[in-house]
Amino acid sequence: MTEIAHEGYRPTLFERLAAAPHPSLSFQASFWHATAPEGPQTAPLEGEAETDVAIVGGGYLGFSTALHLAEAGVEATVLEADEPGFGASGRNTGFVVPNFLTGLDPTVMARAMGEEHGRLLCDMIGQGGELVFELIRRHGIDCEARQSGWLQPVHTPEKLAWLEDRVAQWRALGRPVQALSRDEAVYETGSDVYHGAFLDPTGGHLNPLAYCRGLAAAAVKAGATVHTGSRVRSVERQGDRWRVATDRGVLIARRLLLTTNATGGGLAPKAEATQFPITLFQVASQPLDPALRDSVLPNDRAAADTRKELVAYRWTWDNRIVTGGLLASPFGSAERARTYHLDRLREMLPQLPPLAPAYAWQGRLAAARDFLPRLMTLGDRESDQGWSAIACNGRGMAMTTALGRRIALWLSGGSNEKLPVPITRPDPVAVPSLASVAFSVWLPWNRRIDRAELGRAK
Ligand SMILES: Cc1cc2nc3c(=O)[nH]c(=O)nc-3n(C[C@H](O)[C@H](O)[C@H](O)COP(=O)(O)OP(=O)(O)OC[C@H]3O[C@@H](n4cnc5c(N)ncnc54)[C@H](O)[C@@H]3O)c2cc1C
């Protein structure tokens, strides 16, 4: 398997300007890759084969859909360009987050999607953490999973009213979330910069690549077919079937689902252009003195705060700190990716010793302009039976796992429940990759706002 990766996917000029992919920050360079158990034995698609549902893309969304289809007795075949988890699913921070990005709370969701879909979607993501850990237990997935809670520390006192409101909205849906006081937040995080925190005890963290490989193995065991090393070059509607072509094979399918996230590489240009790609950097420190766990995230929770340039951090099973985020410019990014986020963490956790970047890697996520998931039709007619689902938006592990299950229930006809995500036509943005640059360009400005807010809050 080669990196620069997403072989066949060429980052645009704008993406390169935002954060040039760097060979030293490859998929294989991650801590997850160094420690995840092997995935299932699979091979590329050769010659011609047939299936009911062809799924293109082997991340959480593709494998959760395949697993649940197979469990419902529906024939499903996953075609993955590289290997399971090669996209965002194998490179993320490993946080299991049972909600959306900050700001997308139930009342906003109801306004954005209508009462019914807003409610269905919030219920689905609210229960998403429970689903992830339940799948891990049921399928015996070895991925260092800890359902120790997801924490969102609040960095200014002004945000405490927002915190109370957020907690009230999710509690109204029956979610067991809590607002922590300043003392509790300081204890839970180990940092005195915080004034309170949102806690969802059903979240947690895991090794994201191991989880993805485990989902793939569970799908295979349930009867799905998985072909790795099988980049799909074209999809074409022929009569009442889809013709899905890779370099060495052709899959004829009754139905088609694209789950290629930020890296489809032009298979469905309009659907892909509803999202803009964002590159994030990740780093794992050297193993630290286990005694530090008494004062930093003592309950082993996953923490991602409310700053515009958010600080996210967690422990690994072997006492490393994992953190990461955006970088403002591509120049020298490979070097800064190794130190910038670790240094930032130490500023708010002075009890930590100097942190060395034992592992550094990068990944690409896709976000829609409204940060909402999409289930889009491919082809011109409803009867074309082809869709592209993109539900990443930066917090996608619970979301994509849960959505894959719901799509599978829908495709198998096994549920009368309405789909939480409406089926829509693609609504592409004019130059998606320009939006990627905007993220980097705004970053210094966002940092200034964060610094000013933290300064005022002292
Ligand atoms: C650095 C980083 C940190 C993140 N941290 C978190 C976190 O802590 N918690 C969280 O919930 N979310 C996090 N996310 C987001 C999360 O990783 C994603 O939402 C999730 O992995 C998306 O899953 P997916 O299946 O939709 O896409 P992906 O995992 O990206 O899978 C798409 C797959 O499609 C394959 N593919 C693409 N084109 C083709 C083709 N033509 N033919 C065949 N295969 C193809 C790719 O190789 C890839 O494997 C993070 C993302 C990044 C990048």
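Here is what the cut-offs are and how they apply
- Residues numbered from 1 in each chain as written.
- Predicted model: local features only at pLDDT ≥ 70, side-chain atom pairs only at ≥ 80, totals over all residues.
- Heavy atoms only, no water.
- Buried < 20%, exposed > 50% of the residue type's maximum accessible area, 1.4 Å probe, protein only.
- Helix = DSSP H or I, 4+ residues; strand = E, 2+ residues; numbered from the N terminus.
- Pairing = 2+ DSSP bridges.
- Axes fitted to C-alpha atoms, helices over the stretch in contact; angles between N-to-C directions.
- Parallel < 35°, antiparallel > 145°, perpendicular 65-115°, else oblique.
- Left-handed = near helix turned anticlockwise from the far one by under 90°.
- Contact = heavy atoms within 4.5 Å.
- Core = buried A, V, L, I, M, F, W, Y, C linked by side-chain atoms within 4.5 Å.
- Nonpolar A, V, L, I, M, F, W, Y, C, P; charged D, E, K, R; others polar.
- Near = heavy atom within 4 Å.
- Polar contact = N/O pair within 3.5 Å; in protein donor to acceptor, adjacent residues only side chain to side chain.
- Phe/Tyr/Trp six-rings, centres within 6.5 Å; stacked < 30°, edge-to-face > 60°.
- Lys NZ or Arg CZ within 6 Å of the ring centre and 35° of its normal.
- Salt bridge = Lys/Arg side-chain N within 4 Å of Asp/Glu carboxyl O.
- Expected span 1.5 Å × (residues − 1).

K.L.:
Describe the pairing of strand S18 (residues 386–390), naming the residues involved and giving the relevant values.
P.N.:
With respect to burial, S18 is a largely interior element, five of its five residues being buried. Burial of the side chains of S18 extends over both faces: Gly 386, Ser 388 and Ile 390 are buried on one face and Trp 387 and Ala 389 on the other. Here strand S11 (residues 249–258) runs beside S18; their pairing, made up of three bridges, is parallel. Its bridge partner lying in S18, Leu 257 is registered against Trp 387.

K.L.:
Can you tell me about the packing of helix H3 (residues 60–71) against helix H9 (residues 208–222), naming the residues and giving the values?
P.N.:
Axis separation between H3 and H9 bottoms out at 8 Å; the angle between their running directions is 25°. Overall, the two elements H3 and H9 adopt an arrangement that is roughly parallel. When you trace H3 past H9, the crossing you get is left-handed. Seen from H3, the contacting residues are Tyr 60, Phe 63, Ser 64, Ala 66, Leu 67, Ala 70 and Glu 71; seen from H9, they are Pro 208, Tyr 211, Cys 212, Leu 215, Ala 216, Ala 218, Ala 219 and Ala 222.

K.L.:
Please provide a residue-by-residue account of the nonpolar core, values included.
P.N.:
In terms of nonpolar packing, the biggest core is built from 77 residues, with Phe 100 and Tyr 211 touching the most fellow members. Apart from the residues within four sequence positions on either side, Phe 100 is in contact with Met 109, Leu 121, Cys 122, Ile 125, Arg 166, Trp 170, Arg 395 and Met 399. Judged by nonpolar contacts, the second largest core, of 22 residues, contains Leu 297, Val 311, Ile 321 and Leu 355.

K.L.:
Tell me about the packing of helix H5 (residues 115–126) against helix H12 (residues 397–411), and please be specific about residues and values.
P.N.:
Direction vectors running N to C along H5 and H12 enclose 115°, while the axes themselves pass 9 Å from each other. Regarding H5 and H12, the two cross each other, and that crossing is right-handed. Between H5 and H12, the residues in contact are Leu 121, Met 124 and Ile 125 and Ala 398, Met 399, Ala 402, Leu 403 and Arg 406, respectively. Here the residues of the contact of H5 with H12 sort into seven nonpolar, no polar and one charged.

K.L.:
So what about the sheet that holds strand S13 (residues 302–304)? Which residues, and what values?
P.N.:
The strand order across the open sheet formed by eight strands is S5-S6-S4-S13-S14-S15-S12-S16, and the pairing between neighbours is mixed. Two strands in the sheet have a free side with no partner beyond their single neighbour: strand S5 (178–180) and strand S16 (357–368). Looking at each pair of strands side by side, their axes are set apart by 25° on average, direction ignored. As defined by bridge partners, S13 adjoins strand S14 (residues 312–315) across two bridges and the pair is classed as antiparallel. Pairing of Ala 303 across the sheet is with Tyr 313, part of S14. Helix-sheet contacts for helix H7 (residues 160–172) involve strand S4 (150–154), S5 and strand S6 (196–200), and the interaxial angle to S6 is about 15°. Its contacts with the sheet place helix H8 (residues 182–189) against S4, S5, S6 and S14, and it is angled at close to 90° to S5.

K.L.:
Which residues make up the site of the ligand, and what are the values?
P.N.:
Surveying the vicinity of the ligand reveals 38 residues, the closest of which are Glu 80, Ser 89, Phe 95, Thr 263 and Met 397. At a separation of 2.5 Å, an oxygen atom of the ligand approaches a polar side-chain atom of Ser 89. Between the ligand and Asn 261, the relevant distance is 3.0 Å, taken from an oxygen atom to a side-chain nitrogen or oxygen of the residue. Of the residues forming the shell around the ligand, the biggest block, three residues, is contributed by S16.

K.L.:
Which residues make up the packing of aromatic side chains, and what values do they have?
P.N.:
Following the criterion strictly, the structure yields seven aromatic pairs and no others. Ring geometry for Tyr 60 versus Tyr 211: centroids 5.2 Å apart, planes at 45°, classification tilted. Note that Tyr 60 is positioned in helix H3 and Tyr 211 in helix H9, a separation of 151 residues in sequence. Here the two residues Tyr 60 and Tyr 211 agree in accessibility, since each one is buried. By the ring-pair criterion, three or more aromatic residues cluster together here, those being Phe 31, Trp 32, Tyr 359 and Trp 361. One residue, Arg 91, lies across the ring of Phe 86, its end atom 4.8 Å from the ring centre. Directly above the ring of Phe 198 sits Arg 166, whose terminal nitrogen or CZ lies 4.7 Å from the centroid.

K.L.:
For the pattern of salt bridges, give the residues involved together with the corresponding values.
P.N.:
Counted according to the given criterion, the structure contains 25 salt bridges. A salt bridge links Asp 318 to Arg 320, with the nearest nitrogen and oxygen atoms 2.9 Å apart. Accessibility classification places Asp 318 together with Arg 320 in one group, the buried group. Members of the salt-bridge network, linked through shared partners, are Glu 144, Arg 146, Arg 293 and Asp 300.

K.L.:
Break down the pairing of strand S15 (residues 321–325) for me, citing the residues and quoting the values.
P.N.:
Every other side chain in a regular strand lies on the same face of the sheet, so the side chains alternate between the two faces. With respect to burial, S15 is a largely interior element, five of its five residues being buried. Alternating positions in S15 separate into two faces, Ile 321, Thr 323 and Gly 325 on one and Val 322 and Gly 324 on the other, with burial throughout. Direction of pairing for strand S12 (residues 275–285) relative to S15: antiparallel, over a ladder of four bridges. In the strand pairing of S15, Val 283 is matched with Thr 323. Of the strand pairs in this sheet, S14 and S15 are connected by three bridges, and their pairing is antiparallel. If you follow Tyr 313 over to S15, its bridge partner there is Thr 323. The hairpin formed by S14 and S15 contains five residues between the paired strands, and Asn 319 there has a positive phi angle of roughly 70°.

K.L.:
Requested: an account of H9, with residues and values cited.
P.N.:
Helix length check: H9 (15 residues) gives 21 Å between terminal C-alpha atoms against 21 Å at 1.5 Å per residue, within 8%. The buried count for H9 comes to 11 of 15 residues, which makes it a mostly enclosed element. For H9, every residue scored as buried is listed here: Pro 208, Leu 209, Ala 210, Tyr 211, Cys 212, Arg 213, Gly 214, Leu 215, Ala 216, Ala 218 and Ala 219. Phi for Gly 223, located one or two positions after H9, is positive at around 120°.

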